[in-house]
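As a plain string of letters, each chain reads:
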2 protein chains.
Amino acid sequence: MKQYQEMTSEELSQELAALKVQYKKYQALGLSLDMSRGKPCQEQLDLSMGMMDVLDSASDLTCEDGTDCRNYGQLTGIQEARELLGDMMENNPKDIIIYGNSSLNVMFDTISRAWTHGVMGNTPWCKLPEVKFLCPVPGYDRHFAITEFFGIEMIPVPMTPTGPDMDMVETLVHEDSAIKGIWCVPKYSNPQGISYSDETVRRFARLQPAAPDFRIFWDNAYGMHHLYDHKQDYLIEILAECKRAGNPDLVYKFSSTSKITFPGSGIAAVATSPNNMEDFISYLRKQTIGHDKVNQLRHVRFFGDIHGIVEHMRKHAEIIRPKFETVENILERDLNGLGVGNWTTPLGGYFIMFDSLPGCAKDIVARAKKAGVTMTNAGATWPYGKDPQDSNIRIAPTYPSLQDLTTAMEIFSLCVRISSCKKILADRAS
Amino acid sequence: MKQYQEMTSEELSQELAALKVQYKKYQALGLSLDMSRGKPCQEQLDLSMGMMDVLDSASDLTCEDGTDCRNYGQLTGIQEARELLGDMMENNPKDIIIYGNSSLNVMFDTISRAWTHGVMGNTPWCKLPEVKFLCPVPGYDRHFAITEFFGIEMIPVPMTPTGPDMDMVETLVHEDSAIKGIWCVPKYSNPQGISYSDETVRRFARLQPAAPDFRIFWDNAYGMHHLYDHKQDYLIEILAECKRAGNPDLVYKFSSTSKITFPGSGIAAVATSPNNMEDFISYLRKQTIGHDKVNQLRHVRFFGDIHGIVEHMRKHAEIIRPKFETVENILERDLNGLGVGNWTTPLGGYFIMFDSLPGCAKDIVARAKKAGVTMTNAGATWPYGKDPQDSNIRIAPTYPSLQDLTTAMEIFSLCVRISSCKKILADRAS
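The rules behind each value
- Residues numbered from 1 in each chain as written.
- Chains lettered and ligands numbered in written order.
- Predicted model: local features only at pLDDT ≥ 70, side-chain atom pairs only at ≥ 80, totals over all residues.
- Heavy atoms only, no water.
- Core = buried A, V, L, I, M, F, W, Y, C linked by side-chain atoms within 4.5 Å.
- Buried < 20%, exposed > 50% of the residue type's maximum accessible area, 1.4 Å probe, protein only.
- Contact = heavy atoms within 4.5 Å.
- Least-squares fit on C-alpha atoms with pLDDT ≥ 70 in both.
- Pairing = 2+ DSSP bridges.
- Helix = DSSP H or I, 4+ residues; strand = E, 2+ residues; numbered from the N terminus.
- Axes fitted to C-alpha atoms, helices over the stretch in contact; angles between N-to-C directions.
- Salt bridge = Lys/Arg side-chain N within 4 Å of Asp/Glu carboxyl O.
- Parallel < 35°, antiparallel > 145°, perpendicular 65-115°, else oblique.
- Left-handed = near helix turned anticlockwise from the far one by under 90°.
- Nonpolar A, V, L, I, M, F, W, Y, C, P; charged D, E, K, R; others polar.
- Buried area = accessible area lost by both parts, 1.4 Å probe.
- Patch = residues over 30% accessible without salt bridge, like charges linked within 9 Å, V, L, I, M, F, W, Y side chains within 5 Å.
- Areas by Shrake-Rupley, 256 points an atom, 1.4 Å probe, with all protein chains shown as cover.
- Lys, Arg positive; Asp, Glu negative; His and termini not counted.
- Charge placed at Lys NZ, Arg CZ, Asp CG, Glu CD.
- Phe/Tyr/Trp six-rings, centres within 6.5 Å; stacked < 30°, edge-to-face > 60°.
- Disulfide = S-S within 2.5 Å.

> Go over the nonpolar core, please, and point to the residues and values.
Within the largest apolar cluster, 72 residues are counted, with the highest numbers of intra-cluster contacts made by Ile-111, Trp-125 and Trp-183 of chain A together with Ile-111, Trp-125 and Trp-183 of chain B. Residues within four places of Trp-125 of chain B in sequence aside, it is in contact with Ile-111, Ala-114, Trp-115, Val-119, Val-131, Phe-133, Ile-152, Lys-180 and Asp-213 of chain B.

Written out as structure tokens, the structure is:
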């Protein structure tokens, strides 16, 4: 088939009419398929049911150092969990704090603490006339929601195939002391699924921000989430790189087991420099008596060590790899050569990113919705929900069954084609 | 024996010499006994080991409404947990949000939210020239630590046997719009172990604060923590009372299962009005994707219903009642009639409060420490750690074994007597 742009308007109108017939058939099925969020599917959750057996009423819930996990104490987490997550995050256990069930919550609290108390002795952000954050785009809507909630001005920075546009990042943070942070999902990024190149990480570690309280919010949510055994992205460990670059305090690194064991019942962690850790702990000490150590111990006993996590992630990959491949195959089959969009083919993570013709994303998502397929809202990948090109759509393939996913993607492709036809025709008419 | 004040100085010096001999004997034992915090003992923790068996790999972790507890979702908690904690807190499940493992954390976040975003549309506290809190004294150190952390000025309000001095509370909140809240532990209070009278609760519900964003922080931490089956304090339910008084938004009520199941691995909850709940949820929605629902379900399956909690608390009481009685018996035996202090005899909670002669508390605690007995720091029960009378000491009897507790209390009484002798002698000499 020809590229849509190369078709005559008559050809396009014919194509559109044919597509609409197909669309109506799907609509008649009364489907309800959800591809909106990065949620594991039931088979993935089943992988962790063994978690429910590792502790029972006969278990000794005592740590190696004698800590009774059932009682108060151990603000920064039990040593065994710090070691396990240390191996997972490639950081020294002493640089790690284990939190509750949500790394998003820790990021929120970190912004909130900077807002009320400032970063390492600097002015609390609530006392400043303006606070800005760099937001690589497209990016993660829940990150942007936090900075928006605090009235922080968000500056979009374009993503490239190797990470954020580092020329722009370097210039902006060097010139503007109101810029206090940047949101990063450095590995299998949300929504692209790309990983930052070695050069990008090295340039991050060597940033020279005007603000002494500028921090990189390094949300390594998908560090273990490879789709393939051998084809894997590699990410340079940022904390060590910052230390080598003489910028030890530049980064807050976040991680969790949310999409490893159970979302909502995992354990979250921060790795950072001793100075930053002091900041975190000064806050934590007032905020809580401690996190759920029984759940920390449950994770440690379930996995044993990092190899246990790797083996476990292999099982996740076996379940979700066919889903990623299905999405890619259908997009390839139905859209390739039409010039109506581009998409990523990540080696890990939870998302595939689709870029439509400018001005089509909202229409595609609305159209899919009317045929029973819920996608992430168009615009969600941009600060304030505003995608200036109206072209970016996040595809979350993990939750639906393979069969539902196939149907959903066929509907999606159809919607892309319909919207594209209409857009090109409308552009020609105007 | 005579009251110390009625002894001649010579008699007192003889008494002191004899006490010091005893003290040295205890010191020689090289003890290490901890009565500093309200921590359950091992036997209490053992009561909840059945929690580890209610969910296993064959369990269906689905709620009645179809929610899979293993996945994301249900920001305000699973319905079953809201119902269970609704019965526990005497509130409608729809007025309840289930949180993570720590109600202290929820209180911290509540202050933090008021600081950054304000209460129900009012000016964020960080934008105000001054923010004040009323602190019934003696009170709970971790409450005071939160308000201190935010730079909130703390105004002590004396506790009476029926609760805070309500004349003072009414006058202050009515006159000063900078007063934004009050810390309350209304049942089996920390550290007194007393419960607010009906009149006190009714006066709280009818407060007419100058500040529209004044809130009562009602930390009902010990609502279920009776020591006796029939001799129990009764507390009027504040939320219903506020509603009746036409002040529905006046109170935030906090509770948790921390000292019911496992401290650090329980579930926390807030009950409040629909307007306040909207505030809480607007924040929560940005802060997390949800709390640990597997643990919520674990609690529901373990207890079944409120009767399960009541039966469970009866077992706790059987373990800790003898400890409270031991403390009271030793104080009675060793100090009664000496005029060297007063103490409470609560029907529940986690603490007994001791009031020494003015100017003796720090010395008593330091002296006990040197004989191997760690008490809560003197002063901890006051804002900024400053007890103006230097007389208040919190006794936490639950954690040590009965035998250790007996020794610790004998040492404590001895230290009270030594400090009192010295103080009276010094006063006479000056």
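> Which residues make up the relation of the copies chain A and chain B, and what are the values?
Between chain A and chain B, the superposition needs a rotation of 180° and an axial shift of 0.0 Å, giving an RMSD of 0.0 Å. Those values place the two copies in the arrangement expected of a two-fold rotation axis. The share of interface residues of chain A whose copies in chain B are also at the interface is 100%, consistent with both copies meeting through the same surface.

> Just give me the short version of the sheet that holds strand E3 (residues 132-137) of chain A, but keep the residues and values in it.
All names here are of chain A. Taken together, the eight strands give an open sheet; going across it, the order is E2-E9-E8-E7-E6-E3-E4-E5, and neighbouring strands pair in mixed fashion. Edge positions in the sheet fall to strand E2 (96-98) and strand E5 (163-164), since each has one partner strand and no second. Summarising the sheet, E2 and strand E9 (residues 268-271) pair through three bridges and their orientation is antiparallel. By the bridge assignment, Ile-97 is partnered in E9 with Val-270. Against the sheet, helix H4 (residues 103-117) contacts E3, strand E6 (179-184), strand E7 (215-219), strand E8 (251-256) and E9, and its axis sits at roughly 155° relative to E8. On top of the sheet, helix H6 (residues 166-175) reaches E3, strand E4 (153-160), E5 and E6; it is set at about 150° to E4, its chief contact.

> So what about the sheet that holds strand E9 (residues 268-271) of chain B? Which residues, and what values?
Residue and element names in this part refer to chain B. Strands sit in the order E2-E9-E8-E7-E6-E3-E4-E5 across an open sheet of eight strands; the sheet is mixed. Two strands close off the open sheet at either side, each with one partner strand: strand E2 (96-98) and strand E5 (163-164). As judged from the four bridges shared by strand E7 (residues 215-219) and strand E8 (residues 251-256), these two strands associate in the parallel manner. Following the sheet pairing, Asp-219 is matched in E8 by Phe-254. The strands touched by helix H4 (residues 103-117) are strand E3 (132-137), strand E6 (179-184), E7, E8 and E9; relative to E8, the strand with the most contacts, the crossing angle is about 155°. Running over the sheet, helix H9 (residues 274-287) touches E2, E7, E8 and E9 and is turned about 25° from E2.

> Lay out the pattern of salt bridges in plain terms, naming residues and giving numbers.
Two side chains carrying opposite charge are able to pair once their charged atoms lie near each other. Tallied over the entire structure, the rule returns 44 salt bridges over all chains. Here Arg-314 of chain A makes a salt bridge to Asp-229 of chain A, at a shortest N to O gap of 2.9 Å. Placement of Arg-314 of chain A in helix H11 (residues 306-335) and of Asp-229 of chain A in the loop between E7 and helix H8 (238-244) is noted, with a sequence separation of 85 residues between them. Across the pair Lys-132 of chain B and Glu-130 of chain B runs a salt bridge, and its minimum N-O distance is 3.8 Å. Judged by relative accessible area, which is 12%, Lys-132 of chain B ranks as buried. Its relative accessible area of 40% is what places Glu-130 of chain B among the partly exposed residues. Three or more residues are tied together by salt bridges with common partners; here these are Asp-167, Glu-170, Glu-199 and Arg-203 of chain A.

> An account of the packing of H11 of chain A against helix H13 (residues 402-429) of chain A is needed here, citing residue identities and associated values.
Residue and element names in this part refer to chain A. At a minimum axis distance of 9 Å, the contact between H11 and H13 shows a crossing angle of 30°. In terms of orientation, H11 and H13 fall into the roughly parallel class. Between H11 and H13 lies a crossing whose hand is right-handed. Residues Pro-322, Lys-323, Thr-326, Val-327, Ile-330, Leu-331, Arg-333, Asp-334 and Leu-335 of H11 lie in contact with H13, whose contacting residues are Leu-402, Leu-405, Thr-406, Met-409, Glu-410, Phe-412, Ser-413, Val-416 and Arg-417. Taken together, the residues that form the contact of H11 with H13 break down as 10 nonpolar, three polar and five charged.

> I'd love a proper account of the interface of chain A and chain B, names of residues and values included.
Contact residues are listed per partner, giving 59 residues for chain A and 59 residues for chain B. Buried surface at the junction of chain A and chain B, summed over both partners, amounts to about 4800 Å²; 55% is from carbon and sulfur atoms. Inspection of the chain A/chain B interface yields two salt bridges. Those elements giving two or more residues to the side of chain A that touches chain B turn out to be helix H2 (42-46), H4, helix H5 (141-149), helix H9 (274-287) and helix H10 (293-303) of chain A.

> Talk me through the environment of Gln-22 of chain B; I want residue IDs and the actual numbers.
Residue and element names in this part refer to chain B. Secondary-structure assignment places Gln-22 in helix H1 (residues 9-28). For Gln-22, a relative accessible area of 38% puts it in the partly exposed group. Placed 389 residues apart in sequence, Gln-22 and Ile-411 show a C-alpha to C-alpha distance of 9.0 Å.

> Which residues make up the side chain of Arg-367 of chain B, and what are the values?
All names here are of chain B. Topologically, Arg-367 is positioned in helix H12 (residues 361-370). Relative accessible area serves as the criterion here: at 15%, Arg-367 is assigned to the buried category. In this structure Arg-367 touches Tyr-23, Cys-415, Ile-418, Ser-419 and Lys-422, once residues within four positions along its chain are discounted.

> Can you tell me about a negative patch on the surface, naming the residues and giving the values?
Taken together, the side chains of Glu-64, Asp-65, Glu-83, Asp-87 and Asp-305 of chain A define an acidic patch exposed on the protein surface. Following the sequence through the fold, Asp-305 of chain A ends up in the loop between H10 and H11.

> Just give me the short version of the packing of aromatic side chains, but keep the residues and values in it.
Following the criterion strictly, the structure yields 42 aromatic pairs over all chains and no others. Aromatic pair Trp-183 of chain B and Phe-217 of chain B: ring centres 5.2 Å apart, planes at 65°, arrangement edge-to-face. Within this pair, whereas Trp-183 of chain B is found in strand E6, its partner Phe-217 of chain B is found in strand E7, the two being separated by 34 residues in sequence. Members of the aromatic cluster, connected to one another through ring pairs, are Trp-125, Phe-133, Trp-183, Phe-217, Tyr-252, Phe-254 and Phe-280 of chain A.

> Can you break down the state of the cysteines residue by residue, with the values?
Scanning the model with the defined rule gives zero disulfides over all chains in all. Considering cysteine sulfurs only, Cys-69 of chain B is the nearest to Cys-41 of chain A, which forms no disulfide, with 18 Å between them. Among the cysteines around Cys-135 of chain B, which has no disulfide bond, Cys-184 of chain B carries the closest sulfur, lying 9.9 Å off. The exposure class of Cys-135 of chain B is buried, given its relative accessible area of 0%.

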